[in-house]
Amino acid sequence: MPGMQDLKQFLCSMARNAVWLSIAGGDGPEVGHFGGLPDVPPDFVWPYFETDTFDDDTVKPRPLSFLAQFDCTALAELDRDGLLPREGVLSLFYEMGSQRGGFDPQDAGCARVYWFPEGAALHPAPFPEDLPDFGRLSRFPIRGASEADYPAYQDAESAMPDKDFPEKASMFDQYDEVVAALRKEERNGALHKLLGWPNIIQNNMTQECELVSRGHYCGSTWNRIPAEDRREAEQTSLEKWRLLFQLDSFTQGEFFLDFGDCGSIYFYIRTEDLAARRFDRVWLIMQCY
């Protein structure tokens, strides 16, 4: 039976740097802003996604909400693994009226990420006239702090070698204890970050990203998905996909942002696409309680 030291060594081998984000408060340098208007090039076309919504059964193109933008130069010192661009602006959008969960291949386009390299003449873009008031998010500054991050048990389980951890299914409580000891401090409240590992509410998401990207519907049982595809996703998706951005539900003064039922949205990207700056290939997953 593996002990605490074995788990600690395993977790240290899985450590990734995360840029923890504080919206409208916190310490650390200012690295961008949440909400408000995005700074975009003159030829920018505001993204739309064809969908119905919770309040309207009509399927039609609907403008995405602008979530946040980041100054990549300001992030450079915090991105200790050197994964993000070192210059320019990174901007993220999501369609708030339908709040698609990412388990359906037809959800492609409900979230978008743009990278505007340094030198682009950026200016604030006005909201589209058909963007509802609930999609016009209040503006708050974002501050960042760098810290080693460790996977949740749901992510780590598939990476644990069977020969070293033969009874890994029964190690949940022990696992959480070791993770807590490794972290500098316990983080409470809304959890936002760039990179690192996701704070999982339900289950592992990289397998879902891999399967949905292959055209499989993952909204209910996965039994209809070919066993070989499921097996390959379980074995390889943790290396193929990684978290780009996590945004939690939060309250700030009179402003309230809610995903599902006090949930989070997670922007995932393939490791190779992140290196190639193919932010147009992100995939969004939403989880809630």
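Here goes a summary of the coordinates provided. Just so it is clear, the structure is predicted and the values come from calculations on it, not from any experiment. (Residues numbered from 1 in each chain as written. Predicted model: local features only at pLDDT ≥ 70, side-chain atom pairs only at ≥ 80, totals over all residues. Heavy atoms only, no water.)

Description of the packing of helix 1 (residues 4-14) against helix 4 (residues 172-182)
Where helix 1 contacts helix 4, the two axes come as close as 10 Å, and the packing angle between them is 60 degrees. One finds that helix 1 runs oblique with respect to helix 4. The handedness of the crossing between helix 1 and helix 4 is right-handed. Contact with helix 1, carried on its side by Met-4, Leu-7, Lys-8, Phe-10, Leu-11 and Cys-12, involves Gln-174, Tyr-175, Glu-177, Val-178, Val-179 and Leu-182 of helix 4 and no other residues of that element. (Axes fitted to C-alpha atoms, helices over the stretch in contact; angles between N-to-C directions. Helix = DSSP H or I, 4+ residues; strand = E, 2+ residues; numbered from the N terminus. Parallel < 35°, antiparallel > 145°, perpendicular 65-115°, else oblique. Left-handed = near helix turned anticlockwise from the far one by under 90°. Contact = heavy atoms within 4.5 Å.)

Digging into helix 1
Burial in helix 1 covers these residues: Leu-7, Phe-10, Leu-11 and Met-14. For helix 1, the buried positions fall inside an angular range of 95 degrees around the axis, keeping them on one side. Buried residues along helix 1 sit against strand 1 (16-23), strand 10 (140-149), helix 3 (153-156), helix 4 and helix 6 (227-240). (Buried < 20%, exposed > 50% of the residue type's maximum accessible area, 1.4 Å probe, protein only. Arc of directions from axis to C-beta.)

So, the sheet that holds strand 8 (residues 111-116)
By definition, the strands of a sheet pair up through backbone hydrogen bonds, in either a parallel or an antiparallel sense. In space, the 10 strands of this open sheet follow the order 8-7-6-2-10-1-11-12-15-16, with antiparallel pairing throughout. Every other strand in the sheet has two partners, leaving strand 8 and strand 16 (283-287) as the edge strands with one partner each. In this sheet, adjacent strand axes meet at a mean angle of 25 degrees when their direction is disregarded. Pairing geometry for strand 11 (residues 192-195) and strand 12 (residues 241-248), over two bridges, is antiparallel. Counterpart to Leu-194 in the pairing with strand 12 is Phe-245. The sheet strands contacting helix 6 are strand 1, strand 12 and strand 15 (264-270), and the helix crosses strand 12 at an angle near 70 degrees. (Pairing = 2+ DSSP bridges.)

Considerations on helix 4
Of all the positions in helix 4, only Gln-174, Tyr-175, Val-178, Val-179 and Leu-182 are classed as buried. Here the buried residues of helix 4 occupy an arc of 135 degrees about the axis, which is enough to place them on one side. Those residues of helix 4 that are exposed and aimed more than 90 degrees away from the buried face are Asp-173 and Ala-181. Tucked inside the fold, the buried residues of helix 4 contact helix 1 and helix 3.

Side note on the pairing of strand 10
Sheet analysis places strand 1 next to strand 10, joined by eight bridges and oriented antiparallel. Looking at strand 10, one finds that Ser-22 is bridged to Arg-143.

Some remarks on the side chain of His-216
Along the chain, the position of His-216 falls in the loop between helix 5 (206-213) and helix 6. Taking the relative accessible area as the measure of exposure, His-216 reaches 16% and is therefore buried. At 2.7 Å, the side chain of His-216 and the side chain of Asp-229 are in polar contact. If we skip the residues at most four places from it in the chain, His-216 touches Phe-103, Pro-105, Leu-211, Ile-225, Pro-226 and Asp-229. (Polar contact = N/O pair within 3.5 Å; in protein donor to acceptor, adjacent residues only side chain to side chain.)

Points about the pairing of strand 4 (residues 48-51)
Side chains of strand 4 alternate between two faces, with Phe-49 and Thr-51 buried and Tyr-48 and Glu-50 left unburied. Judged from the four bridges that link them, strand 4 and strand 5 (residues 60-63) form a sheet pairing that is antiparallel. By the bridge assignment, Phe-49 is partnered in strand 5 with Arg-62.

Looking at the packing of helix 5 against helix 6
The interhelical angle for the contact between helix 5 and helix 6, taken along N-to-C directions, is 120 degrees, at an axis separation of 8 Å. The element helix 5 and its partner helix 6 pack so that their crossing is right-handed. Along its contact with helix 5, which presents Thr-206, Gln-207, Glu-210 and Leu-211, the element helix 6 presents Asp-229, Arg-230, Ala-233, Glu-234, Ser-237, Leu-238 and Lys-240. Its residues assigned to classes, the contact of helix 5 with helix 6 shows three nonpolar, three polar and five charged. (Nonpolar A, V, L, I, M, F, W, Y, C, P; charged D, E, K, R; others polar.)

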